[in-house]
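Summary of the model geometry
Residue-level listing of the chains:
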Amino acid sequence: MLPLLPRLARCATLLLPALLLAACATPRAPLPPVPVPPPAIPPLPPVARQARLPTWCLPTCSAALQIELSSWQQRLTSPTPPAAPASGPTGR
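To start, this report covers the structure provided alongside it. What you see is a predicted model; the values in this text were computed from it and never measured.

Observations regarding the overall build of the protein chain
Looking only at helices and strands, one finds two helices and zero strands in the protein chain. Looking at the 92 residues of the protein chain, the share that counts as buried comes to 0%. Surface exposure of the protein chain reaches about 9,800 Å², of which carbon and sulfur atoms provide 72%.

Some remarks on a nonpolar patch on the surface
Residues Leu65, Leu69 and Trp72 make up a contiguous nonpolar surface patch of roughly 290 Å² in combined accessible area. By the secondary structure assignment, Leu65 is in helix H2 (residues 59-77).

About the thresholds
- Here the residue numbering is sequential within each chain, running from 1 through the sequence in written order.
- Only residues with pLDDT of 70 or above have their local features reported here, since the model is predicted, and side-chain atom pairs are shown and tallied only from 80 upward, although totals for entire chains, interfaces and linings are computed over all residues.
- By convention in this description, side-chain values take in all heavy atoms of the structure and omit both hydrogens and water.
- By the criteria applied, helices consist of DSSP H or I runs no shorter than four residues and strands consist of E runs no shorter than two, each listed in order from the N terminus.
- Using a 1.4 Å probe on the protein chains alone, a residue whose accessible area is under 20% of its type maximum counts as buried, one over 50% counts as exposed, and one in between counts as partly exposed.
- Here, Shrake-Rupley sampling with a 1.4 Å probe gives the accessible areas, and only protein chains in the shown set may cover a residue.
- Nonpolar side chains (Val, Leu, Ile, Met, Phe, Trp, Tyr) are joined into patches within 5 Å and like charges within 9 Å, using only residues with over 30% relative accessible area and no salt bridge.
- Between Lys or Arg on one side and Asp or Glu on the other, a salt bridge is scored when a side-chain nitrogen of the former is within 4 Å of a carboxyl oxygen of the latter.

See below:
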């Protein structure tokens, strides 16, 4: 007859997979969603705010600037064409 400790270890080894399978097989009740408030965006401090446009600044000037900025953004985010090799062909 086996001593108590090896018998217990053998029983635990046999029971562990069965318990794990039984735990995975039982359906869990869905938890109700927890209400979460929408994120609040705090207002900018006065130091971080942009100054008002001067009265002498024309709308066409700011529109041209906006077009220029969007073209810069497109150039920064568009893929670049593959570069030419650094040296010429080496074949004879």
